[in-house]
Amino acid sequence: MEDYPYPLTVEGPWLSTSTRTLTKKLQLYFQSKKKSQGGECVVNFSEQTHAATVHFQSEQTRDQVLDKGDHSVTIDNQVVKLKVFKPGDGGDQAEEASAEAGTRSFVAHNFKQPVLNEQRALSVRVDNVPADAVTDKDHLELYFEKWGGPIETISSIPEEQAVVITFQSPDAVQRVMEKTDHSIRRTPVSVHPYFGPDETQMDLPTEIISCVSEKGFSLELVRGSNVAVMTFNDPEVAEKFLTECRNNRKFQQYGLKGRALEKRSSSGRSIKVDELPDQVSADLLELYFEKCGGAVEKITMIPEEQTAIVTFDNQAVDPNETPRELSTEEPLKDRLGDAPPASSVVLENLPGNLSREVIVLLIENISSVSEEDFAMEWINESNVAVVTFDDPKVAEKFLTESRSSRKFQQYAITSRALEKTRSIQVEDVPGHVSAELLELYFEKSGGAVENVTLIPEEQAAIVTFHNEEAIKKILEKDHHISRTSVSVYPYFKSLNTALYGKDRPTWNLPKPFTEKIHPAIREFIHKMDLISSICTRMESVVCQVNMDKSEVQLSPFPTLLRQKNITKKDIDSWRQNSTDEFRDILSSFDVFEHAVIPSIWSAVEKDIRSLVKDKAFMSMDNGVMTLAGMAQDIKLLKLILENVLKKASDQMNRDKNAVIENIDMSPAMFTLFLQEGLQSTASCKYPELKLAYSNDTNQLTLRGLPVEIIDIKNWILERKLSIKQKPLKMDPSLLEFLKSVNCEEMSGDLFTSKGICAVYRVENGDVVLTGSTDRALTEAEERLQMTLTSSTLSLEDLGVLEKPEWQFLTDELCDTYNSAKKKTIVIHHPKHGDGLTVSGFRDPVSEVSRSLEKFINAHSNITEVIHVRSYAIVKFILEKKSEVWQSLVKNNEVTVDFDPKRPLIRLSGERVHVQPAMEKCRKIADAVLTDKLMIKKAGAKKYFQEQGSMFLVKMRDRRFVVVLEESHMKEYKDDYNSGRIKDHRQLELATFSPKMTNEVLGYHSPGMTVVEHPSNIKTLQQKAKGTITRGALGQSSISVISSQSPAYFLGNKPKPSTIRHFVNVRDEFEPAVFQLCAETEQDLNEAQELISSFIMKEQIHSSIWDSAIEKFTREDAETLTNLQRELTVSIQIGPESVIAVEGLTRDVHKAERIIWDIIRKVDETYKCAALWLSRMSGQQYPDSRNQMVPFDIYTNYDLEKAFAKKQSRPKIDFSDEQYEVDLTRRMAMGRNGTTELKRADQKDVQSEPLPSHWEDMKGSFVKRVPVRPGSQEYTDVEKEFRRTGLTNQILNIERVQSETLWRSYMIQKKYLDEKNKHKNNERKLFHGTGSENIDKIDNRGFNRSYAGMQGAMYGNGAYFAVDPSYSARGFAKPDRLGHKRMYLARVLVGDYTTGNVGLLSPPAKGSTATDLYDSVTDNQHNPTLFVIFQDVQA
């Protein structure tokens, strides 16, 4: 055991296990690093000590096995615990170590009655688990995997708030228990080892239920499936146990169930094979178990467990039979005997990957005999095996059945009987032995020899006899030839080899070896990817090449030994053959090495690399340049590179002695010297002398030997003394041209090429000529003037320079006239100029200028404006001639812009496209006819602005256009218009002379005004005859007003006269003027008729008669003026209480409603004033009984007004007769005589007392009195102010006393009480306002004319709020100190209704126009504000 010097002793309860099986089990176990931490070892078992010794190859492996401590193997389905220790240490220490480590296995002493020897828990029970975590297995698994290890199962017990965690290893339980402070979701939990209902916990319940002791049954727990199998010795006890366990309390507590185990004979077709070696394949298992049991259905390999499941076609294996050991290491019987085999079979075409063990099992399965009954000799080099059976019948059977064997067909193996032979192979033949000697020797030993073939390279010979019997004789003897022992074996021609039996020589693959290679050649091979071709060539000698390291490794292919007809000589000579072949390959490569100093290498490296390129691998290391590549390439490169390096070395030596000198010289001077022959002179005299001129420094650099430089400097000095110069003034554009070119090159073109020895340079804005003589300067100047010129082009559109075509043209011209060597023109555009210059040689400048000028004229962008007579022409061309102008813009060459306001058409684009387009547009404009139509009708323009689009849509297909003229549409008159221009037409449907005068009545009543109509009368005029077209509503659009016109009256009012005369309130509307355009007179007439019809069908005229019209105030007149402006209607007031309204139907109807609102308001005001006046004073006349009775309130009002104005003879109607009243004499004169009148003062108004708590007015009309805090009046006002939760601080409360307003208010209150027939007409309401309105309200009351200043949502009146918060927040404006003001006022709301926007007076209660509501509100059922329309109501 020299190779395995590190032993360990292994002891255990081996029981009756065979030594062979036990040795095999231990060998597999201790070789497995996964199971035992072991490795390469040999196991020896001692029958005397019943202990095994395991010898390990390394000490480290042995120590790893000892460190594991806990070892066990499975034998006969029982886990056997092992004691492992070093020899001499004894077993006590091992036992202690093993006890400390513990085990989860048990040792069974009886297959039917397993007994637990020792057990470790695989599970833990966790109590006090939070309710939300007890079923959260993901959380539990993560937690206990962290502290223990891999988990197999988790069982939750929610009713006990517990879980059972089962791990895959008992070590995990130990790790979990080492942690004492477990908590789940911040709740502490308790953890204990848990064995579950396993063997130790099942024993006692089983004994109680079965009434037998533990010896009467055995129990086996099936891990991972929560199943246990109990086997009773007595079947009756088993039946009793099965019945009673179902009602057992403990079984129910654990949730256990019992059932009878099915018979194994019914389904036992599978077995499990454990502890399989890694190299065992499914094929080997199938063959093995087919031999042991029968036909195999399938095999399932489980590599990670080193197990397999074998399923048979039928129950081929006895489940009670002790499992058999599968060995891959049992030696096959190797014997063929001394004579040729009696019954031999040749197996051919054996797969190379088929192991010897598989072949042996295959033979056993087919022949039905064990390996002891046959011998097999494997001939590796030909994939052939010869099987020799002891029994010829078995050989015959095998030969027959193998040809139909499924496995043979699967592997394509063929079999045949081995022929009888008459030849032998003699080995170890001495070299001097001849064929004749061998023939004589074997004739003597065996019989007549037919042939002898010597194989000197193998020291062997083939001897063939005349008959087969000689073979048997020869093989039975030992042979010595020339005192040398020789070996004799039967030789078979069909096999091309002898059969050796157990003595068959084994050939080993030659060992790999290395060959040196130059590193540069190796790099070249890698660089050029030549390894594959080398490997391909080496395959001819069965050699594989590895060039990954500095030395090349050559090794044989594994197939070397399987080469056809291979001999031992071939194997022995393989190394030499491989070496020769590889060295021959290397001979095609070569290496060139040359020492190079760094300075030379720096100078020539670039040149050398450009020469070498990819022809070779090149490196420079430690001053040695190495070149590796193909031999022929290296040979050529060697000559070239040696020459390059020599030249570089020579140049370096010259550079050491060379000097450098700089001579200041202008470029022009240098050029002149070149013309004089500087370069040619220097090159001729001194080829190695270097001349270089720098335009940056204006220096000539000479580099060479000192003597060379001195000579050239003398030559330059002589020429410099004879040089002449002349400055010239040049045109700026020519100067730009000369600047843009190389002075030296241009000097050559201008002067040198013409034999003029001169050059020029640009200096300080001048051209300076330099020449060798004065004549040369004169000729040069003349040459410049004759050859160069410039041309200037003007640009009207700088955008032309941005066009791609311009860039293309200039590039093309420059490419045409300029070349890389010579420039003839320059095109220059100054940044701030509008011109373009072309300068250069005369002819090219002329040609380029013509091309550019032509392009500029054609492609400059221009904008032309076409002025037409009216905007209608613009629209006509846009809409009716679209096909013309759209064809112009089709290719985006011209942009047509129709001015939206003025009669203009703009055409933009390049001139070449715009000019033709202008001619087309002008022809269209000249050919059309235009006209104007003016309609002076109220609302006509507005109606067309609103509804004209609908008209224009209908007119879309007509041959004319209509445009409503706006102020910005100015006509354009131009003499070039040759078309007929018609006179403007004006349809003036009605002309009015508005005049309105107002005069305040003599009687001084606040806010009362009347409108007096002028005496001059103008009747309605109309140009059209008779009645114009009737409107949609059936009323005449325009009619002569006569007595037949509709009239409206209020009560017993004066009737209108038969002829009405009208006066405009204000002429606020402007006429509608239409521009027309068409191609024919007929189309123009049609347009006029359609427009007139469209406008006039919406016109309506309405007249309103009412006596209240005579009483309109200035305020009412202003309302009518605003109404006329807002609705665009014509409102005219006639001399006898008539208003005429004319305009659009909807506007006229709206105006009527508003006028009637004004009439009702005036009538109500007139009525109130007359009633109030009748109570102050009354005019009386005698009735038929000669008793004085009062006039009606209206007649009384007229008389009182006339009295106030001191009119001498007003006229009145009473008693069905008209009277003329003499107010001075108080007489009324009529047709039937004279009646005496009487005027009586009324005292009822004056008797109306002022409030008792008012202070004395002392002659004042208005007085503000502070209310004392704490008084009842202050408390009442404050209570009203705070009623809705207003929390503002009250600074002061003042009482406003106004005798005039009070008495007017009380008169109105009494009037409302009588009119409404109830007393619930007054409310206390709030009114918020700004400080600037306080004095106005105190003196004049709540003036409704302020309506709209804060909002008029419910009518144009004075607004009051029920809630003080509404007035305080929304309308009481703070002053500069932040103080707000608010009125608490008495307001006569009377009967009210819901208001609307625009109300001038309350609406009527019913059909009677005179019976109006007294106020309006926002909500009739729950008002929050009120609006009054008479100032006396508050």
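This text gives an overview of the structure that appears in the document. It should be emphasised that the depicted structure is a prediction, and the values quoted were computed from it without experimental measurement.

### Let's talk about the overall build of the protein
1) Next: Across its full length, the protein carries 41 helices and 69 strands.
2) Next: Burial status across the protein gives 44% buried among its 1434 residues.
3) Next: At a minimum sequence separation of 6, the contacts of the protein that also span at least 24 residues come to 68%.
4) Next: For the protein, the accessible surface area stands at approximately 77600 Å², while carbon and sulfur atoms represent 48% of it.

### Section: the side chain of Ser367
1) Next: The residue Ser367 is located in helix α11 (residues 356-367) in this model.
2) Next: We classify Ser367 as buried; its relative accessible area is 2%.
3) Next: In this structure the side chain of Ser367 is engaged in a polar contact, spanning 2.6 Å, whose partner is the backbone oxygen of Ile363.

### Some points on the packing of helix α33 (residues 940-954) against helix α34 (residues 1081-1096)
Think of two packed helices as two axes; the pair is described by the angle between the axes and how far apart they sit.
1) Next: Look at α33 against α34: their axes get within 10 Å of each other, and the N-to-C directions meet at 115°. Considering their axes alone, α33 and α34 lie roughly perpendicular with respect to each other. Remark: the crossing between α33 and α34 carries right-handed chirality. Together, Ala940, Tyr943, Phe944, Gln947, Gly948 and Phe951 of α33 and Leu1090, Ile1091, Phe1094 and Ile1095 of α34 make up the contact between the two elements.
2) Next: Classifying every residue of the contact of α33 with α34 by side-chain character gives eight nonpolar, two polar and no charged.

### Some details on the side chain of Thr1393
1) Next: For Thr1393, the position within the fold is in strand β67 (residues 1392-1394).
2) Next: Ignoring any residue separated from it by four or fewer positions in sequence, one finds Thr1393 in contact with Pro1403, Tyr1413, Ser1415, Val1416, Thr1417 and Gln1420.

### With respect to the nonpolar core
1) Next: With 38 residues, the main nonpolar core has Leu347, Ile363 and Phe389 as its most contacted residues.
2) Next: Among the elements that make up this core, the one with the highest residue count is α11 (seven residues).
3) Next: Residues within four places of Leu347 in sequence aside, it is in contact with Ile359, Ile363, Asn383, Val384, Ala385, Val387, Phe398, Phe408, Ile413, Thr414 and Ser415.
4) Next: In this structure, Ile873, Ile877, Met918 and Val961 belong to the second largest nonpolar core, which totals 27 residues.

### A short note on helix α3 (residues 59-68)
1) Next: Within α3, the full set of buried residues consists of Thr61, Arg62 and Val65. For α3, the buried positions fall inside an angular range of 100° around the axis, keeping them on one side. Seen from the buried face of α3, the exposed residues on the opposite side, beyond 90 degrees, are Gln60 and Asp67.
2) Next: Buried residues along α3 sit against β1 (6-11), α1 (19-31), α2 (33-36), β3 (51-56), β4 (71-75) and β5 (78-85).
3) Next: Where α3 terminates, the next one or two residues include Gly69, which has phi positive at roughly 80°.

### Describing the sheet that holds strand β7 (residues 151-157)
1) Next: Across the sheet, four strands lie side by side as β7-β8-β6-β11; this open sheet has antiparallel pairing. At either margin of the open sheet sits one strand with a lone partner, and together these are β7 and β11 (190-194). When the angles between neighbouring strand axes are averaged without regard to direction, this sheet yields 20°.
2) Next: Summarising the sheet, strand β6 (residues 123-127) and β11 pair through five bridges and their orientation is antiparallel. Along β11, the bridge assignment pairs Ser123 with Tyr194.
3) Next: Across the face of the sheet, helix α5 (residues 137-147) comes into contact with β6, β7 and β8 (162-167) while running at roughly 130° to β7.
4) Next: Helix α6 (residues 170-178) rests against β6, β8 and β11 of the sheet, and its axis sits at about 155° to β11.

### Thoughts on the environment of Val1073
1) Next: By the element assignment, Val1073 lies in strand β51 (residues 1072-1078).
2) Next: According to the relative accessible area criterion, Val1073 is buried, its value standing at 12%.
3) Next: Along the sequence, Val1073 and Glu965 sit 108 residues apart, while their C-alpha atoms lie 5.4 Å from each other.
4) Next: Beyond its immediate stretch of four places on either side in the chain, Val1073 contacts Lys932, Leu933, Met934, Val963, Leu964 and Glu965.

### Things to note about the pairing of β6
1) Next: β6 sits mainly inside the fold: five of its five residues count as buried.
2) Next: The alternating pattern of β6 places Ser123, Arg125 and Asp127 and Val124 and Val126 on opposite faces, both of which are buried.
3) Next: Here five bridges tie β6 to β8, and the two strands are oriented antiparallel to one another. Bridge pairing in β8 places Arg125 opposite Val164.

### Examining the packing of aromatic side chains
1) Next: Counted by the stated rule, this structure contains 28 aromatic pairs.
2) Next: With centroids separated by 5.0 Å and ring planes inclined at 85°, the aromatic side chains of Tyr29 and Phe30 adopt a geometry described as edge-to-face. Accessibility classification places Tyr29 together with Phe30 in one group, the buried group.
3) Next: Ring centres of Trp806 and Phe855 lie 5.7 Å apart, and the angle between their planes is 45°; this geometry places the pair in the tilted category. Of the two residues, Trp806 is situated in helix α28 (residues 804-817) and Phe855 in helix α29 (residues 842-859); the sequence distance between them amounts to 49 residues.
4) Next: Judged by its relative accessible area of 10%, Phe855 is buried.
5) Next: A connected cluster of aromatic rings, assembled from ring pairs, spans Tyr943, Phe944, Phe951, Phe1074 and Phe1094.

Conventions used here
Residues numbered from 1 in each chain as written. Predicted model: local features only at pLDDT ≥ 70, side-chain atom pairs only at ≥ 80, totals over all residues. Heavy atoms only, no water. Helix = DSSP H or I, 4+ residues; strand = E, 2+ residues; numbered from the N terminus. Buried < 20%, exposed > 50% of the residue type's maximum accessible area, 1.4 Å probe, protein only. Contact = heavy atoms within 4.5 Å. Areas by Shrake-Rupley, 256 points an atom, 1.4 Å probe, with all protein chains shown as cover. Polar contact = N/O pair within 3.5 Å; in protein donor to acceptor, adjacent residues only side chain to side chain. Axes fitted to C-alpha atoms, helices over the stretch in contact; angles between N-to-C directions. Parallel < 35°, antiparallel > 145°, perpendicular 65-115°, else oblique. Left-handed = near helix turned anticlockwise from the far one by under 90°. Nonpolar A, V, L, I, M, F, W, Y, C, P; charged D, E, K, R; others polar. Core = buried A, V, L, I, M, F, W, Y, C linked by side-chain atoms within 4.5 Å. Arc of directions from axis to C-beta. Pairing = 2+ DSSP bridges. Phe/Tyr/Trp six-rings, centres within 6.5 Å; stacked < 30°, edge-to-face > 60°.

The values reported here are purely geometric and, on their own, carry no functional implication.
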